[in-house]
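Summary of the model geometry
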Amino acid sequence: MGPPLRRVLLLGEGNFSFAASLCGTPGTQVVATCYESEEEVAERGGAARSIRRLRDSGAEVVFSVDCTKLREHFSPGKQEFHRVYFNFPHCGRKAGVVKNRQLLAGFFHSCSEVLAKEGEVHVALCNGQGGTPADQPPRDWHNSWQIVAVAAGAGFILSHVHPFGAENIQGYKCTGYRSQDKSFHVEGALNHIFTRSTALLCCTPLSCKTRVGSQKVSFRVPQILVDKINRGLLDVNSSHPVRTIKEKLSAGLSQVFPVQNINSCLPLLHQAHPDGVCPSSVFWITPSPEEAPSFEEMSQGLENEVLFSHFGQDTDKNMQEGCPIPKQFYLRPSLLPHAQAITQKGDFSPGTLHVFSGPVFRKCRISPHSMPIFHEMLIVLAVSRGAENSCIQMLVDNIKSTTNSLHQAASGTKPSISLQEATSFEMELSDFATFEGQLGEIQHFLCVGTNPDSSGPCVGFIRTAPHELKSPELVFISASLNLDLLAMLLCGISDWRMLWTSDRRFLRQFPEGELRLFQSFSLYPPSYVHDVSFWLPDGEQLDEMAFHTLARTVSGEMIISMQLRDSFQQPGTGRRSLCYRVTFQSCDRALSSREAAEMQLRFREEMQQQLGVTLR
């Protein structure tokens, strides 16, 4: 017995010539339909011949099918289709763009009820109708059918766009223009291929139990980290590009230096004041005296003694109402303190590269390259005083060589990698959560650019600490790399959020041990712009880090931009008002205008409660 047939549904067939062109496709069962009755269709030229050919080949032909009510036309055992075609949909006559958007909205919602899990929806539109950059020349979005935004309302994302190519379809004759036996203008027409999106995440609260020194500490994980803190992207069985880059860099370094990898037993929490780090940039943790709930699971990728468990809203409330332990902790913003700790141990070997890796956490403003969590690779080395410059150069050359090889393998081109002097390169040090004043001064920044004529963004730094070691003969060298940013640059990933997607189509592009240029499976995602205006409390300034962190939390990382549009100070009272433009957009999931509006409403409510502002 062979594999089951793939069922293909065709809607809105005018003369059934497109459906007839699919006859005889191996392993396919064609179900061809139209909106009109059989008598009406018979009057169209060539329709009777195409229908006869379809039936002779074993295809099913159904008339009077409403594309917005597909489940009503098929019995329960025949309601699943692997592919749905709708060529040049139209309400008929001189219907405007609004009515045609409504038609598409009903069609996509109906498709969501009959499409197989990994099925496809193909919609062919005339040039300009779709409202995407693929249309040439593009039409004003407000005067288009806005097909990507309409599809998002039913949980679909646009995964491919290509020319319709009517001339390449044997026997096909386009008909049905304005409900007549006339052809549409198919020159430049595009076929839009939609697939199901993963659902928007609704993360339940997460509890963590860990050890800090001799203390056992239980706490609630910050909401924006719930779906990321325990993902284990660096695990041994992971094929994620972040792990691939880390393993390749380690292998390259081992060809020049003795290497000792340290991936476990790294404390998740730090205690006391974070020297050299802005307090507003760290995730402060208030421990709970309550015991963590049951159903605990050992983490993968953090330290060995970290237990995570989900709990319900009632338990969450009890934890918040309990009397907190009167001590302040914060999630590690860097692995650098651990490098300092091992230098004090007797088993620290001069001349050996000690390589640490793991996720680190810090608050940051919203941008495509600013990440509240990323994987740091920290390389530390003790060398004889006077040999530090030559060792730094060896480190840089090795990292350059490995990165060049990785980028050439992925894209076939050679990246531009440079070493910038700290005194001549401006950047926000908070991007690497550095501990200024604790481990010495940054001397060099590592920059990677995919354009040979530019150095590109900074992905790491190298520093020396002459007084870190007790021995007067040795100098401490450390190099920190942002593996996530490296993965973005080498694989052509434009948005950091894609590295954390739960959509399996991401990892399928990266077989274990290989890097490739990433091909987005969500093209031209719609964006929704909202403005929010508010009065600040008298005499206070806006805490922008808290403002952006709240936006991340409320939207589930669906906000891609927060731009100050206006600042106004009221004469006489001195009250200050701010207006921000907030842009919602997903990089991997369907986001509808309704969902974005609901997020904006929640954001406004939370701003009042948590930031103390007065909405205008």
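Residues numbered from 1 in each chain as written. Predicted model: local features only at pLDDT ≥ 70, side-chain atom pairs only at ≥ 80, totals over all residues. Heavy atoms only, no water.

**So, the overall build of the chain**
Looking only at helices and strands, one finds 13 helices and 25 strands in the chain. Among the 616 residues that make up the chain, the fraction classed as buried is 52%. Intrachain contacts of the chain at a sequence separation of at least 6 include 72% that bridge at least 24 residues. Accessible surface computed for the chain: about 28,200 Å², of which carbon and sulfur atoms make up 48%. (Helix = DSSP H or I, 4+ residues; strand = E, 2+ residues; numbered from the N terminus. Buried < 20%, exposed > 50% of the residue type's maximum accessible area, 1.4 Å probe, protein only. Contact = heavy atoms within 4.5 Å. Areas by Shrake-Rupley, 256 points an atom, 1.4 Å probe, with all protein chains shown as cover.)

**So, the packing of aromatic side chains**
Each aromatic ring pair is summarised here by two numbers: the centre-to-centre distance and the angle between the ring planes. Within this structure, the stated rule accounts for 20 aromatic pairs. Note on Trp 284 and Tyr 330: the rings are 5.5 Å apart at their centroids and 65 degrees apart in plane angle, and the pair reads as edge-to-face. Of this pair, Trp 284 sits in strand 12 (residues 284–285) while Tyr 330 sits in strand 15 (residues 329–331); the two residues are 46 residues apart in sequence, bridging distant segments of the chain. On the basis of relative accessibility, which here comes to 3%, the residue Tyr 330 falls in the buried class. Put simply, the rings of Phe 18, Tyr 85, Phe 88, Phe 164 and Tyr 172 touch in pairs and so form one group of aromatic residues. (Phe/Tyr/Trp six-rings, centres within 6.5 Å; stacked < 30°, edge-to-face > 60°.)

**Remarks on the confidence of the model for the chain**
Confidence along the chain averages 84 in pLDDT terms, with 83% of residues attaining 70 or more. Contacts of residues 291–304 to residues separated by more than four positions or lying in other chains number 43 contacts, the stretch itself having pLDDT below 50. Note that pLDDT drops below 50 for residues 313–326; the model gives that stretch 19 contacts with residues more than four away or on any other chain. (pLDDT = per-residue confidence, 0-100.)

**Re the packing of helix 9 (residues 388–411) against helix 10 (residues 483–491)**
In the contact formed by helix 9 and helix 10, the axes pass within 9 Å of each other and the chain directions differ by 45 degrees. The orientation of helix 9 relative to helix 10 falls into the category oblique. Contacts from Thr 403, Leu 406, His 407 and Ala 410 in helix 9 reach Leu 486, Leu 489 and Leu 490 in helix 10. Partitioned by chemical class, the residues of the contact of helix 9 with helix 10 number five nonpolar, two polar and no charged. (Axes fitted to C-alpha atoms, helices over the stretch in contact; angles between N-to-C directions. Parallel < 35°, antiparallel > 145°, perpendicular 65-115°, else oblique. Nonpolar A, V, L, I, M, F, W, Y, C, P; charged D, E, K, R; others polar.)

**What about the nonpolar core?**
Judged by nonpolar contacts, the single largest core of 89 residues is most densely connected at Phe 219, Val 221, Ile 245 and Leu 331. Sort the elements by how many residues they give to this core and strand 17 (residues 373–384) lands first, with nine residues. Each residue touching Ile 245, except ones within four places of it in the same chain, is listed here: Leu 406, Leu 483, Leu 486, Ala 487, Leu 490 and Leu 515. In terms of nonpolar packing, the next biggest core, distinct from the first, is built from 30 residues, Phe 86, Phe 108, Leu 115 and Phe 156 among them. (Core = buried A, V, L, I, M, F, W, Y, C linked by side-chain atoms within 4.5 Å.)

**A closer look at the sheet that holds strand 6 (residues 156–163)**
Strand pairing in a sheet takes place through backbone hydrogen bonds and is either antiparallel or parallel in direction. Sheet architecture is open: seven strands sit in the order 3-2-1-4-5-7-6, paired in mixed fashion. Because the sheet does not close on itself, it has two edges, and the strands there are strand 3 (60–62) and strand 6. Adjacent strand axes in the sheet meet at a mean angle of 20 degrees, parallel and antiparallel pairs treated alike. By the bridge criterion, six bridges tie strand 5 (residues 115–125) to strand 7 (residues 190–196) in an arrangement that is antiparallel. Counterpart to Val 121 in the pairing with strand 7 is Phe 194. Lying on the sheet, helix 4 (residues 97–114) is in contact with strand 1 (6–11), strand 4 (81–87), strand 5, strand 6 and strand 7; it crosses strand 5 at an angle near 155 degrees. (Pairing = 2+ DSSP bridges.)

**Here we look at the pattern of salt bridges**
Overall, the coordinates contain 15 salt bridges when judged by the stated rule. Linking Glu 514 and Arg 516 is a salt bridge whose minimum nitrogen-to-oxygen distance equals 3.0 Å. Take Glu 514: its relative accessible area is 36%, and that puts it in the partly exposed class. Under the relative-accessibility criterion, Arg 516 is labelled partly exposed at 38%. Taking the shortest distance from any N to any O, the salt bridge between Asp 531 and Arg 581 comes out at 2.8 Å. Here Arg 581 lies in strand 24 (residues 576–584) and Asp 531 lies in strand 22 (residues 528–535), a separation of 50 residues in the sequence. We classify Asp 531 as partly exposed; its relative accessible area is 37%. Connected through shared salt-bridge partners, Arg 243, Lys 246 and Glu 247 make up one network. (Salt bridge = Lys/Arg side-chain N within 4 Å of Asp/Glu carboxyl O.)

**Let's talk about the sheet that holds strand 12**
Taken together, the three strands give an open sheet; going across it, the order is 11-15-12, and neighbouring strands pair in antiparallel fashion. Edge positions in the sheet fall to strand 11 (269–271) and strand 12, since each has one partner strand and no second. The pairing of strand 11 with strand 15 spans three bridges and is antiparallel. Pairing of Leu 269 across the sheet is with Leu 331, part of strand 15.

**Quick notes on unusual backbone geometry**
In this structure, Pro 137 follows Gln 136 across a cis peptide bond, with omega equal to -5 degrees. Residue placement: Pro 137 occurs in the loop between strand 5 and helix 5 (147–152).

**Some remarks on the packing of helix 6 (residues 241–253) against helix 9**
Taken N-terminus to C-terminus, the directions of helix 6 and helix 9 make an angle of 135 degrees; their axes are 9 Å apart at the nearest point. Regarding the angle of helix 6 to helix 9, the classification is oblique. For the pair helix 6 and helix 9, the sense of crossing is right-handed. Taken together, the residues of helix 9 that come into contact with helix 6 (itself represented by Ile 245, Lys 248, Leu 249, Gly 252 and Leu 253) are Leu 395, Asn 398, Ile 399, Thr 402, Thr 403 and Leu 406. Residue composition of the contact of helix 6 with helix 9, grouped by class: six nonpolar, four polar and one charged. (Left-handed = near helix turned anticlockwise from the far one by under 90°.)

**A look at the side chain of Thr 244**
Tracing the chain through its elements places Thr 244 in helix 6. On the basis of relative accessibility, which here comes to 5%, the residue Thr 244 falls in the buried class. Once you skip the residues sitting within four places of it in the chain, Thr 244 turns out to touch Ser 239, Gly 513, Glu 514 and Leu 515.

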